[in-house]
Structure formats: C-alpha cells, structure tokens
Amino acid sequence: MTMSGQTITGSGAPKVVSQRAILVLGSLTAVLLLVILTSDLRSNLRAQWNESARRANEVALSAAQMLQAPLRMSINALMVIAEESHHLQQTVPQQHDALMQNVVAAVVRRQPQVVDVGFVDIAATGEAPALPQDGGVWTSCDTNLPSITGMPCFGAAEKKPGRGMVLPIAAPVDGHKWVVGNIRIAALERYLASVPHPRSVSFLVKGGYGRVVMRGGKPAAVSNAESEMPRWMRWVIDTSTFAPLRATAPVGSYPFTVEAEVTSQDALAPWYRQLTAIVIFYLFYLAAFICLLRVVARATALQHHYIRSLHAKSEDLRLAQRVGRTGMWSLSDDGQCFEYSEEAEELFGLHNGKTITSIKDVLAMVVPSDRWSLMRRVKAAWVSGARLHTEFRLYLDSGAVRYLSAGGQVVTDESGLRRMTGTIADVTEQWEARRLQKESEHRFEVLFEQNPLPFWVFDIASLRILEVNAAALRAYGYSREEFLAMSILDLRDPGDHPTLIAHVAAPLEARQARKIWLHRTKSGSAISVRIHSAEIMFANRPARLVLAEDITSHLADERELAYRASHDLVTGLPNQHALMEWMDVRIAAGSSFEVAYLQLLGLDAIGDTFGINVSTGIVQVVASRLAQLSDGHGYLTAITHQAFVLADSNPLTDALLHAIAECVTEPIYYKDTQHQISIVIGVASYPRDGIQSDALIARAALAAHAHLHSDKPIHHFEPLMAQQSREKLHFSASLRRAVKRSEFELHFQPIADFPDMHPIGLEALIRWPQGDGSYIFPSSFIPVCEESGLIVPLGQWVLDQAAKASRELRDAGFGDLSIAVNVSPAELRSSDLIANLRAVRDTYSLAHNALRVELTESCLIEHRDKAIAVMKQLRADGVAVALDDFGTGFSGLSYLRDLPIDMLKIDQAFVRNIDRDARSATICDAIIALGKSLKVSIVAEGIERYSQYRWLNKHGCDGAQGYYIGRPGKLSDLLAQWSRAKDRVR
C-alpha cells in the first residue's frame, strides 16, 4: 500500500501589514502634511512682509524727526545774524561791518555746522543772487527777492574744496540784502547715524528737486526694483493685504523728505530660511517613507521567496529521490503492513496495479540466495533497535536483476506503536562500478606482471619496494624475494642517495622534469634509465608506481648522432657547425683570431677519372697531413669535401701557411696511383675583416676563390674583394632580370665581298642598353651568362630576333643576305639548338640558308664529338656553319679536316697588322690558302683601313667585315642606308 501524505497548515503565523495599506496611509499623510506646511508658509510670508514694511516706516519717521533739530538750529543762527545786521544797519551803520564780524564769529562758534557765512546785496551789485537758478535756486522762495515771510531758502547740495559736501542756505536781511552760508552735511549725517534702524533698512534724504542730499542705514542704494514684490508672489498668493516696503516722511516744514525701504530679498530672508527648513523636513519625510516602502517590499519579497523556496525544496526532495532512485518505506511490528512511497514503488518495479502489502510479498521478489540474509538482518534490527543497513537483489517482471540498498530504524509513533521506517535506494550502478573496478584491478595486475618493461611499486614514506614485476627481475638480476627486501636506494650508488631522497619529496611539477638516473644491477653493471612515475594507493598506503625505461643504447645512439652532427664523417675532423661554435665563443669573449680557408684544387678531375673512392681517400690523406702539421696550431675543421678551415687564436704566420701549401702539393700515393693536387689559401682575421663567424668564413673563402688561377697560394682578404663580389652578384641579378624582361637589342654588322664591297650577309651582335643611353657589350655579360646558365634562354631570344630580322630583310628586298648567329658552348651542349632553329624558321617562313651558325674554335675543341654531331645535323637541314675566331684555338689540321664547315673567319688579331707585319701577312695568306684547299669561304674580321682591305682582296679573301666596311647598328638604319644607295644607283 502507498504511504499517505499529510498537509500541515500554520494558523498562528503572524500577520504582516499589507504593502498597499502602508503606501495609501503614507501618501495621505504626505498630502495632508504638504497642505498644512503650505498654509503656514503663506501666513508667515504675509506677516514677515508687513513687518518689514512697518520697520521701514518707523525708520523714515525717526530720521525726519532727527533732522529737524540741526536744520532748525542752523536756520535760527542765520536768522539771528540777519536780524543783528538789520538792527546795526538802522542804528550804527558806520560800524555795521566791524560789529557784524564779531556777531558772525560768535554765532559760528555756537553752531559749527554753519560755515562760509556772508552777505549779498542785490541792489549794490545789480545782479541776480549768486546761486544759480536751476538746481541751486532758493528752494523755499518763489523769486530772487527776499521772501516776505523772512524764511530762509535752501540750495542744492554741492561739494566745496576743503569743506566736503555742504548744503547752501540764505536768509533775507531787508528788501535787497541777504545773509548766505553753508551747512556741513557731515554734521547732519552724524545726527542720522544716531537714528535706530534694523540692518536691513536703508534710507536717504532728498531736497526740493528730488536730489539726494545724504544716505543712511544699510549701505545700498534705494531702488524701486529691489523693493518691489517678486513676480512669483503675485502668482501664488493675494497681495492686496501686503504693505509696501518703501516709506516716505517730510522733515517738518523744511523742503526735505526722508525715504526708507527694505529690499524684498532682505524682507523675505527669514521666510526663505523657514521655507528651506520645511522643504528639508518634507523631503526627509518622503525619504523615510520611501525607505519604509523599500523595507516592506524587501520583507514581502523575502517572504514570497521563502515560500517559493519551501515549495521548491519539497519538489527538489521528490526530484532528488526520483533522480537518485531513492524511496521511503515503513513496516509494522508484525510484518503484515508494508507501506512505501511512489518512488519506492518504482524501485520495486510495481506496474500495472501490482502491489505488495507485507514482508512476505517483499521476500517473494528477492533473489533466493539473498532472502535469508535479508530476514536475519531485519530481525536483528527489530530486536536490538540498531540501525538497519543491508543490500539485496530483486527480480523484476522483465527478468532483470536490480540491486537495492535498504536502511532504517525502529521508531515509535504518536499512538505508541512500534514501526520500522527508512529509505531504499537503487545501487545497481554502484554494484556495476565495483564489478568494473575489480576487473580493472585484475587487468592492472596482468599488465603489471606481464609488461615487458621493468615496473615496481615503492612506499613513499619508507622507500621500501612493495611490488615488482618479472621484467624488473630480469633487467636487474635479483630474485623476487631479494627485490621485495630492498629499498629504491639499493638500486643507486651511495653518492646519489641525497639527490634521490630530495627528488622523491619534491612536488609533482619538479618530478616531471626529464632526468636520467644511473642504476646498478645485481652484477654491478651500470644502466641508464629514465623514470616515469605515478602516485597510487597500494595496500591502503601512499605509494608510487615506477616505470624504469632503459635508455643505455639510446644514449649511445644520441652520442653517435652528436658526433656526426659536429664532425665530418670522411675525415673525422670537426665540421663547420663545430667551427662556428668555436668562433662564437671567442667572439663573445672579444678575443682576436685568424681563419685560413684551404681550398683544394684538382679533386674533381681525380674523381671523374679514378672514381669517388679514390678522391675520398686523397681527401683523407690530406686531412691527416694537415692534422699533423697544425697540431698545436689552432682548430682544424673540414668544411666541404674539397675545403678545410684552420682557425687559431694566434696569428697564422706565412711560414705555417706555406708549410700547409707544400704538404698539400706533395705527391700523394693511394692504391697504386700517384696524384698531385694544388691549393689556394684565403686568410681573414677577427675583428678586422668581420665580427660574425659566418661572415669571417665567407670572406676567407672569398679571398681563396678570387685567386683560383693565381700563381701564389696565399691571399689575405681585402675589402675590395667583397665589393667586387657584390658588384658581380648585383650584375648577375640585373642580367637575370634583363634576360627575363628581354631588355637586349640586336645590332647587325654587314659582311661585304671583294672588290665592290657589296653586302653578302650580316652578323647578329647582341647589345645590352642602359638607362643612360650607353651599351654593355657581349664581352662583359656573355661569360656571366655562361656561368649562371642564362646563355640558353638568351640564345633562344637571339635566334628569334635574328629570324625576325631575316624576314624584314626579305620584305625589304634583301632576301639573299643571310644572318650569322653566334652559338655558345652551353647552347651547343643543349639538345634544343636544332629544334629551336627549325621552330623559328617555321614561325617566320624562312629559307634554310636565311640563318647561319657561327661556332668558336675553342668550343669545338672542348666538345668535339657533340659539336661534330650538331654541325652535321645543321648541314643536313641546309644551315651553313662558320668557324669563328679561327687561329686562336690551336686546333690541328687533321681536326679541321673532319669538321663539316662552310666558312672560316680569320680572327682580327691576325688582320690588325696584316698591311704592316710580315708575320701576320704570312699567317693570313696561309689561312686563305688552307680555306681554298678545303673549299670553304674565307672572311676576315676587324678590317679598319683600306690598306687591309686592299691586301686581303689581292690575296684572294672572299669576304670582309669590320668598321671599314660598316659599324654594327640597328637593322632599320642599315635598311635605310641601303635603300638610299639603291636610289642613287638608279
């Protein structure tokens, strides 16, 4: 039966105030607080404004009252002087002026604020009053005449030198006479300074025309704009009940007014501070309210999270049981009631309505061999109350066997009934893993014991050998018992023990470094091994599995390879690699040394004649001689099979170098043969001739190779050699580029007959044009082409251009003229010469005799058989063959007799002095006679004078060629010249 589930609900959980309720209550409170604070601000604004207006009015009245006293005393003083003047004028007019001075002085002493007292008589002067009509006019009088009332008049304030600012005042004496004076404004300002006023109130005193006489209060000018109400107040509140901040008060009956005011900024300053405090308070409330909302929101989210987590964990537990294939079960004390969870139902394989209700049903599914063990363990757990842990196998409906692990304990429920409850898990995979592990251990035992390589296991702590395979017993010669009684230290020499102990204790990274160890066998012989190890657990203790790879023979092979890498196998001497290391060491130390490059000459001929073994033996003999001679004189190495290098930290003396040359050139007897070779020696020194090892060897070799045909055997490197070598390489590279781009031109030199100098043919002469308009002649670049192999493609280009020129001759009406083309030895050796000639003739539709081939006599001597075969094929194709530079090759007459040639060309060396030198004339005469006897045409080259031409004509020469006949030039120029000659003949 399935275990029943219970749902527990908590009724005592604390209630949490709703987040929505807090939001509504807080928002209403914020609105109400805003209304209250706004109303209070409006009331305080009106009160503060009207209080500032009241203070301005009080200051204006106080200042007006305070000014009346000094003005009244000044007026009385002036009136006293006027009355005394009038009285003295009536009684003692003669003493009037003297007495009035005393009166004025007395009055001024009593009233020091009145200064500059004097009299003005209008009738005497006939002028208007001294004070101007505008601004300084008598403010309290209507005309310039004394007032009827006898009241004084005030003028506009002005600045007097030495007096400062003063206020003019005049009082009438009689109908035409006035008493005038000035009141010090500084004295009036002292009265104003005693007026009590707040610091925010400023006031000023104006005269009759509205001009400012003096200022007081706050040091700022009274401005209508500053005392006006701000615009925002008119928009926000009703301003009809606000009093103005400016107040005006008259100064008694005098023509002065006092204006006092408070700026709107000063009036509102306390209110602004109150506004700031209220705004801060309100913002603080809003911030606190928002924080409260955040705390409540976080608490609500946390509550929801805990609820979701609780549900998720419950679901995770079910999922973990399902994924981990774990279930729950419960068994009553009588064994008749067996309950289980859904996961356990799946583990028992109960499908299609099948159930188990008692312990008997469970035992019926258990494999018979496991039933007794299961029953015994369950009973023991019931009796003792100990924990139950057992494993058994179960038959499934499909016939498969499932391994289950059951665990449980006896418990007593709320009703007092004893039950055994616990968990059950599918351990089929663990059983399978254990089975595979056993098989793996068995395979390891087989591989360990049957492996052909030596293996052993040793204890890391004691270094004792715990296990060893048969291969190790065979390799080291010990019996199994002897090996197991040893430690790994017994396989090493005593001197290696500290290093071995440190290596065993080192971390894995340090032990992974490749290291070769020396082991001793039972017989005492040494073997070199490379250790491969791995950490393992063996018999429940940390151990290390060791593979000992015997590399004794491998190391011997490596030493052999190292020797081969640094030594020449023929001579046994160090090779170029070893030499460069020797040189690099001394270069790094800054030590000077010299290098001699010993180039052997003549070995190729010996090898071609007697075979490679003989030439190799001779090299070995030479190496032996050099080694004996240079013993104690530096470092001798073999660079190639024909070159040695002797390097010495001491200067290589000429005596030593000559001795080397003499020992090499001495006859060599080898296998019943006698040979003699020659040598050329190039010498370079460090650091004068170079600072790199390869460069020094190259420059010593250059010094030798540059003098291969010299009579002297010893040559020291000079910078000019390197420059010439570079120029030659550059010239060769430029030449190769020119051949690839066809940058050459073909010039033609005419060949004429006797005695009319009528052209009978042309010789094609190649030229290499340069950027400056000059030409490089064939004698400079043809040898380089022959050395580098460029002569073959260049010869093909010449053949093609000559064939093209032959067709142009035919088109111009000179088809009977053949063109001679020079062929080099390299072209003669090539098998493509005949094919190329046929190809260009077919391409340009030429006759067989349109092109003529010229071969040098030296070319025929070097390659006789090949030359004769090619010449016969040319003759068979109808191509005429000429022997060029005849007389310079020392060929025999019998050899000349067998050559299939059509023409002999006398070299210009014999023609140059034919009209002046009897010997040259005799040779040319003999060559002409020889040609006649062989029935071949004779052409003389290098004719530059008429006397030469006349001599050759007289002695029967067939053709002439040279500057006297015509200089080489472009075909177009020759055709134009011949066309003009034809026109003249017509």
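Every value quoted in this text rests on a predicted model; they were computed, and no experiment measured them.

Parameters at a glance
Residues numbered from 1 in each chain as written. Predicted model: local features only at pLDDT ≥ 70, side-chain atom pairs only at ≥ 80, totals over all residues. Heavy atoms only, no water. Helix = DSSP H or I, 4+ residues; strand = E, 2+ residues; numbered from the N terminus. Buried < 20%, exposed > 50% of the residue type's maximum accessible area, 1.4 Å probe, protein only. Contact = heavy atoms within 4.5 Å. Areas by Shrake-Rupley, 256 points an atom, 1.4 Å probe, with all protein chains shown as cover. Lys, Arg positive; Asp, Glu negative; His and termini not counted. Charge placed at Lys NZ, Arg CZ, Asp CG, Glu CD. Pairing = 2+ DSSP bridges. Axes fitted to C-alpha atoms, helices over the stretch in contact; angles between N-to-C directions. UniProt positions renumbered as here; feature names shortened; annotations may be inferred. Salt bridge = Lys/Arg side-chain N within 4 Å of Asp/Glu carboxyl O. Phe/Tyr/Trp six-rings, centres within 6.5 Å; stacked < 30°, edge-to-face > 60°. Parallel < 35°, antiparallel > 145°, perpendicular 65-115°, else oblique. Nonpolar A, V, L, I, M, F, W, Y, C, P; charged D, E, K, R; others polar. Expected span 1.5 Å × (residues − 1). Core = buried A, V, L, I, M, F, W, Y, C linked by side-chain atoms within 4.5 Å. Arc of directions from axis to C-beta.

**Some details on the overall build of the protein**
So, point 1. A tally of helices and strands in the protein yields 33 helices and 35 strands.
So, point 2. Along the first, second and third principal axes, the C-alpha set of the protein runs to 185 × 135 × 70 Å.
So, point 3. For the protein, with 986 residues in total, the buried portion stands at 41%.
So, point 4. For the protein, restricting intrachain contacts to residue pairs at least 6 apart in sequence, the fraction spanning at least 24 positions comes to 59%.
So, point 5. Of the accessible surface of the protein, which amounts to about 54500 Å², a share of 55% is contributed by carbon and sulfur atoms.
So, point 6. Seen as two clouds, the 100 positive and the 106 negative side-chain charges of the protein have centres 7 Å apart.

**Observations concerning the environment of Arg 564**
So, point 1. Note on placement: Arg 564 falls in helix α16 (residues 552–566).
So, point 2. Between the C-alpha atom of Arg 564 and that of Asn 575, which follows or precedes it by eleven residues, the distance is 9.0 Å.
So, point 3. Excluding anything up to four places from it in sequence, Arg 564 contacts Leu 569 and Asn 575.

**A closer look at the side chain of Ser 806**
So, point 1. Residue placement: Ser 806 occurs in helix α24 (residues 791–811).
So, point 2. With residues near it in sequence (within four places) discarded, Ser 806 still touches Ile 819, Leu 846 and Ala 850.

**Some words on the pairing of strand β33 (residues 903–906)**
So, point 1. Residues of β33 alternate between two faces, with Met 903 and Lys 905 on one and Leu 904 and Ile 906 on the opposite face, all of them buried.
So, point 2. Summarising the sheet, strand β32 (residues 880–886) and β33 pair through three bridges and their orientation is parallel. Across the sheet, Phe 886 pairs through a bridge with Ile 906, a residue of β33.

**A closer look at the pairing of β32**
Consecutive side chains along a regular strand alternate between the two faces of the sheet.
So, point 1. With five of its seven residues buried, β32 lies for the most part within the structure.
So, point 2. Alignment of strand β31 (residues 851–856) against β32, held across five bridges, turns out to be parallel. Residue pairing across strands places Thr 856 opposite Asp 884, the latter belonging to β32.

**Thoughts on the sheet that holds strand β9 (residues 257–262)**
So, point 1. Read from one edge of the open sheet, four strands run β7-β6-β9-β8, paired in antiparallel fashion. The sheet terminates laterally at β7 (212–217) and β8 (246–250), the two strands that pair on one side only. Mean inter-strand twist for the sheet, computed between neighbouring axes without regard to direction, equals 20 degrees.
So, point 2. As paired elements, β8 and β9 share five bridges and run antiparallel to each other.

**Section: the UniProt feature "transmembrane region" (unreviewed entry) in the protein**
So, point 1. Those places that UniProt annotates as "transmembrane region" (unreviewed entry) correspond, in this numbering, to residues 20–38 and 275–297.
So, point 2. The span residues 20–38 is 100% helix and 0% strand, and its two end C-alpha atoms sit 27 Å from each other.
So, point 3. The annotated region residues 275–297 carries 100% helix and 0% strand content, and the separation between its end C-alpha atoms amounts to 32 Å.

**With respect to the pattern of salt bridges**
Pairing is possible between side chains of opposite charge, provided their charged atoms come close.
So, point 1. For the structure on display, the rule yields 29 salt bridges.
So, point 2. With its nearest N and O atoms 2.3 Å apart, the salt bridge here joins Arg 54 to Glu 58. Here Arg 54 and its partner Glu 58 are both found in helix α1 (residues 19–91), four residues apart, which amounts to about one turn of the helix.
So, point 3. Salt bridges here are not isolated pairs; linked through shared partners, they connect Glu 763, Arg 852, Glu 854, Lys 905 and Glu 941.

**Some thoughts on the packing of aromatic side chains**
Describing an aromatic ring pair means giving the distance of the ring centres and the angle of the ring planes.
So, point 1. If you walk through the whole model with that rule in mind, you get 20 aromatic pairs.
So, point 2. Plain terms: the ring middles of Trp 582 and Phe 593 are 5.7 Å apart, the flat faces sit at 75 degrees to each other, and that makes the pair edge-to-face. Taken as a pair, Trp 582 in helix α17 (residues 576–589) and Phe 593 in strand β20 (residues 593–601) lie far apart in primary sequence, eleven residues in all.
So, point 3. Taking the centre distance of 6.2 Å and the plane angle of 55 degrees together, the rings of Phe 744 and Trp 797 count as tilted. Of this pair, Phe 744 sits in the loop between α22 (719–741) and β27 (745–752) while Trp 797 sits in helix α24, and the two are 53 residues apart along the sequence.

**Quick word on the sheet that holds strand β22 (residues 643–648)**
So, point 1. Read from one edge to the other, the open sheet built from five strands follows the order β21-β22-β20-β25-β26, with strand pairing classed as mixed. The open sheet has two edge strands, β21 (635–640) and β26 (714–716), and neither has a second partner. Taking each pair of neighbouring strands and ignoring which way they run, the sheet shows an average axis angle of 20 degrees.
So, point 2. In the packing of helix α19 (residues 612–629) onto the sheet, contacts are made with β20, β21 and β22, and the angle to β22 comes to roughly 15 degrees.
So, point 3. The strands touched by helix α20 (residues 654–665) are β20, β22, β25 (678–686) and β26; relative to β25, the strand with the most contacts, the crossing angle is about 155 degrees.

**Side note on the packing of helix α18 (residues 603–610) against α19**
So, point 1. Across the interface, α18 lies against α19 with an axial gap of 6 Å and an inter-helix angle of 140 degrees. Put simply, α18 runs oblique to α19. Here Leu 603, Ile 606, Gly 607 and Phe 610 of α18 come into contact with α19, specifically with Ile 612, Val 614, Ser 615, Ile 618 and Val 619.
So, point 2. Looking at side-chain class alone, the contact of α18 with α19 contains seven nonpolar, two polar and no charged residues.

**Some remarks on α19**
So, point 1. In this model, α19 (18 residues) spans 26 Å end to end at C-alpha, consistent with the 26 Å of a helix rising 1.5 Å per residue.
So, point 2. Of all the positions in α19, only Val 614, Ser 615, Gly 617, Ile 618, Val 619, Val 622, Ala 623 and Leu 626 are classed as buried.

**Considering the environment of Leu 466**
So, point 1. Checked against the element boundaries, Leu 466 lands in strand β16 (residues 465–468).
So, point 2. The spatial distance from the C-alpha of Leu 466 to the C-alpha of Phe 538 is 8.4 Å, given a sequence separation of 72 residues.

**Observations concerning the nonpolar core**
So, point 1. By size, the foremost hydrophobic cluster in this structure holds 79 residues, and its most contacted members are Phe 744 and Leu 952.
So, point 2. Take this core: its biggest share by element is nine residues, from α24.
So, point 3. Apart from residues no more than four positions distant in its own chain, Leu 952 is found in contact with Phe 754, Val 911, Ile 914, Ile 928, Ala 940, Ile 943 and Cys 957.
So, point 4. With 59 residues, the next largest nonpolar core counts Leu 167, Val 262, Ala 267 and Tyr 282 among its residues.

**Concerning unusual backbone geometry**
Keep in mind that most residues, glycine aside, have a negative phi and that most peptide bonds are trans.
So, point 1. Cis peptide bonds are those with omega within 30 degrees of zero, and the linkage from Tyr 686 to Pro 687 qualifies with 10 degrees.
So, point 2. If you trace the backbone, Pro 687 turns up in the loop between β25 and α21 (693–705).
So, point 3. Its identity is not glycine, yet Leu 463 carries a phi of approximately 65 degrees, on the positive side.
So, point 4. Note that Leu 463 resides in the loop between β15 (455–459) and β16.
So, point 5. Taking the relative accessible area as the measure of exposure, Leu 463 reaches 11% and is therefore buried.
So, point 6. Despite not being glycine, Met 757 shows a phi value in the positive range, around 60 degrees.
So, point 7. Relative to the elements of secondary structure, Met 757 occurs in the loop between β27 and β28 (759–769).

**Some points on helix α2 (residues 96–110)**
So, point 1. The end-to-end C-alpha distance of α2, which contains 15 residues, comes to 21 Å, matching closely the 21 Å that a straight helix rising 1.5 Å per residue would cover.
So, point 2. Listed as buried for α2 are His 96, Met 100, Val 103, Val 104, Ala 106 and Val 107. When α2 is viewed along its axis, its buried side chains cluster within an angular range of 165 degrees and face the same direction. Exposed side chains of α2 directed beyond 90 degrees from the buried face belong to Gln 101, Asn 102 and Arg 109.
So, point 3. Those residues of α2 that are buried are in contact with α1, β1 (114–121) and β5 (177–184).

**Focus on the environment of Ala 940**
So, point 1. Mapped onto the fold, Ala 940 is located in strand β34 (residues 937–940).
So, point 2. Residue classification places Ala 940 among the buried positions, given a relative accessible area of 0%.
So, point 3. For the pair Ala 940 and Leu 34, spaced 906 residues apart in sequence, the C-alpha to C-alpha distance is 132 Å.
So, point 4. Those residues in contact with Ala 940 that lie beyond four places of it in its chain are Ile 906, Val 911, Leu 952, Cys 957, Gly 959, Ala 960 and Gln 961.

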